[in-house]
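# An overview of the molecular structure
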Amino acid sequence: MSRPRTRVARTARDRARTEQIHYLKQIVVGVDGANARNGAGRAGSSPNFRISRRCCGTTARDAEIAQATEEAELSTGPSGKGRNVWLCFGYVLASEQARMVALHDCDIVTYNRELLARLCYPVAHPAFGFDFCKGYYARISSKLNGRVMRLLVTPLLRALKSIVGPHPFLIYLDTFRYPLAGEVAMDVDLVRRNRIPFDWGLEVGCWRKSSAIALRAPFVRPSSVTTTITNTRNSSPRDPEKGLNRMAVDIIRSIFRRMASEGIKLDQGLFETLQFAYIRQAEDTLRAYGADAAMNGLAFPRHEEETAVATFGRSIREAARRHVEDPMLWPLIPNWNRVESALPTFLDELRDAVRLDNPLESTD
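Residues numbered from 1 in each chain as written. Predicted model: local features only at pLDDT ≥ 70, side-chain atom pairs only at ≥ 80, totals over all residues. Heavy atoms only, no water.

## Overview of the environment of glutamine 67
Filter applied, for reference: Numbering of helices and strands starts at the N terminus; helices are DSSP runs of H or I of at least 4 residues and strands are runs of E of at least 2. The buried label goes to any residue with under 20% of its type's maximum accessible area, the exposed label to any with over 50%, and the partly exposed label to all in between, with areas taken from a 1.4 Å probe on protein chains only. Each polar contact in these results corresponds to two N or O atoms within 3.5 Å; when the atoms are within protein, one needs to be able to donate a hydrogen and the other to accept it, and residues that are neighboring in sequence are counted only if both atoms are side-chain atoms.
Checked against the element boundaries, glutamine 67 lands in helix H2 (residues 60–71). Assessed through its relative accessible area of 46%, glutamine 67 is described here as partly exposed. Polar contacts involving the side chain of glutamine 67 include one to the side chain of glutamate 71, which spans 2.9 Å.

Structure (structure tokens):
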């Protein structure tokens, strides 16, 4: 299943690669607010599997679906990434074709068959017993990439551990090699019972990755695999509502919310201490990565790296401010078990809506 983006890009070579994957039954492309002009019309079909697109909030049928959930007091949040993924999950459940789901970004440049196989194998293998698997990929080209992970998440977790101690949640999250990875495979039962947020907290992973799935992980058996991916990201160092800055704020708030739910007291004193602790950890990290780059002949744009740390420091302040203003905000969409209990016919209606949006799709 492809993560939602307004631009769906797939080369003929990539499509040929996926058509050769015989264990792949279904592809669902979540295209939030798009149309045929900017990408929604590019979904097609294949002899081996069917491709469906799920457009949120663009038709009268979508409006009826949203109204039904609101009337049942099942808030799904604003139109966007989280709700798009949630609806795609619902369609997979309604189709009853899969026993596991793989979640991908649509902007992966170096997609290949091995990526999908390595991601799915730990969950698919009957002897392993994993409920979900999160991909890991080294963010290295001619330079060190992955700044959100390197310069925000890792120093932030270490700073928090230095303040509150080795709390199990912080230790757990820090055990993932790349918790922000957007490439995730999970058992369909986990898809049914897991709650996901409608903000950037969805992705502890690429971004698209600060994942609420990772934050739920203490209740499942996780795995992590190595894949090779190149994808694209934009930055907005001054605006907390755009780019990596917005992602950073939502990621940090997701961590704060989870910490509060684990009984960790978050007050103004902790947030002030965290500012200094994060900067210290980030500076140590910068020195280490500078040495790594020099030893391995990689470019190390020190000014850009330090600018990123300053941006993330502001993100922490903004996330702390928002948490203090509304500490009870928990942007989680109800899981599908609850939706089916409240609205027994909802999945059937969702399946019918997707079929009507995809007139060339044959009956499942």
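## Points about unusual backbone geometry
We note that glutamate 73 has phi near 60 degrees; this positive angle belongs to a residue other than glycine. Within the secondary structure, glutamate 73 sits in the loop between H2 and helix H3 (81–95). A positive phi angle, near 55 degrees, is found at glutamate 96, a position not held by glycine. Within the fold, glutamate 96 resides in the loop between H3 and strand S3 (100–103).

## Considerations on the packing of helix H5 (residues 147–164) against helix H6 (residues 168–175)
Worth spelling out the cut-off: Each axis is a line fitted through C-alpha atoms, taken for helices only over the stretch in contact, and angles between the N-to-C directions span 0 to 180 degrees. Note on terminology: angles under 35 degrees are roughly parallel, angles over 145 are roughly antiparallel, angles of 65 to 115 are roughly perpendicular, and the others are oblique. In this scheme the crossing of two helices becomes right-handed for a clockwise turn of the near helix relative to the far one and left-handed for an anticlockwise turn of less than a right angle. Any two residues having at least one pair of non-hydrogen atoms within 4.5 Å are treated as being in contact. Here the nonpolar group is Ala, Val, Leu, Ile, Met, Phe, Trp, Tyr, Cys and Pro; Asp, Glu, Lys and Arg are the charged ones; every other residue, Gly included, is treated as polar.
Packing of H5 against H6 leaves a shortest axis separation of 10 Å and a crossing angle of 160 degrees. In terms of axis orientation, H5 runs roughly antiparallel to H6. Once H5 is placed against H6, the crossing between them reads as left-handed. Residue-level contacts link Leu157, Leu160, Lys161 and Val164 of H5 to Leu170, Ile171, Leu173 and Asp174 of H6. Class assignment for the residues of the contact of H5 with H6 results in 6 nonpolar, no polar and 2 charged.

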